[in-house]
Amino acid sequence: PPLHFRFMKTYLSASAACAVLCLFLSLPANAADTATYAVSVGPRIHSDHSTFIDLPYGDNDIGYDLALEAHDEDGYARLGVEYAPDVSGIDGTDFVITPHIDIIYQDRIFIGGVGLLDSYVNNSTGDDWTGIYWQLNLGLSFNFEVITVAAQAYYTFDKWGDISDFETKDLEYGATIAYNF
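Because the structure is predicted, anything quoted here is derived from the model rather than measured.

Draft legend 1. Up close: the confidence of the model for the protein chain. Averaged over all residues, the pLDDT of the protein chain equals 87, while 81% of them reach at least 70. Mean pLDDT values over the elements of the protein chain span from 55, in helix α1 (residues 3-30), up to 98, in strand β5 (residues 110-117).

Draft legend 2. Spatial organisation of unusual backbone geometry. Unusually for a residue other than glycine, Asn60 sits at a positive phi of about 70°. Counting through the fold element by element, Asn60 comes out in the loop between β1 (36-45) and β2 (62-72). Of note, Arg108 is a non-glycine position whose phi angle comes to about 55°, a positive value. Mapping Arg108 onto the fold places it in the loop between β4 (93-107) and β5. The class for Arg108 is exposed, based on a relative accessible area of 74%.

Draft legend 3. Inspection of the nonpolar core at higher detail. In this structure, Phe52, Leu55, Tyr57, Ala84, Val87, Val96, Leu117, Val121 and Tyr133 together form the largest nonpolar core, which totals nine residues. When neighbours within four sequence positions are excluded, Ala84 is seen to be in contact with Tyr57, Ile62, Gly63, Phe95 and Val96.

Parameters and conventions
Residues numbered from 1 in each chain as written. Predicted model: local features only at pLDDT ≥ 70, side-chain atom pairs only at ≥ 80, totals over all residues. Heavy atoms only, no water. pLDDT = per-residue confidence, 0-100. Helix = DSSP H or I, 4+ residues; strand = E, 2+ residues; numbered from the N terminus. Buried < 20%, exposed > 50% of the residue type's maximum accessible area, 1.4 Å probe, protein only. Core = buried A, V, L, I, M, F, W, Y, C linked by side-chain atoms within 4.5 Å. Contact = heavy atoms within 4.5 Å.

This is how it looks when you write it as structure tokens:
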């Protein structure tokens with residue numbers, strides 16, 4: 001692509017990331033004394049998406065996620081990165097690194113939210129970003145004071161208009177364990 005297109009794409013991605021980071025950092029200030037932080041880790045099992053073909057993942061590819069979470073009484077913001085070392089969806093892909101930001105609402109043990117992602121794909125033909133895409137997630141979260149364990153299902157898509165193309169085989173699954181402080 002032309003240089004100005006790459007610059008514009010990078011600028012828009014950086015602007016979106018900065019805006020979300022500002023929201024993330026302001027969350028505890030708005031939540032008064034109820035705010036806590038957590039560091040979470042966990043695997044995510046990807047699927048070979050039937051309509052969003054720009055994703056480099058094949059069925060059962062595994063990524064490893066590391067994230068910082070800022071919690072308040074209604075939910076949390078999550079800023080993280082996922083590393084997928086063995087990706088089978090696109091031939092010649094060495095690894096994928098996916099920074100992401102999620103806003104999660106929590107009601108007792110139920111969690112659900114929306115996230116923004118952008119995957120960096122390293123393969124034999126060169127390195128490139130997929131472009132910003134979305135995910136919806138639903139799951140269960142169990143808090144044991146200092147440790148929280150969660151299991152979630154994710155649905156990724158690139159345009160809100162494509163959400164009606166939902167198929168259950170496109171769901172991805174993940175689990176996290178978080179240390180709360």
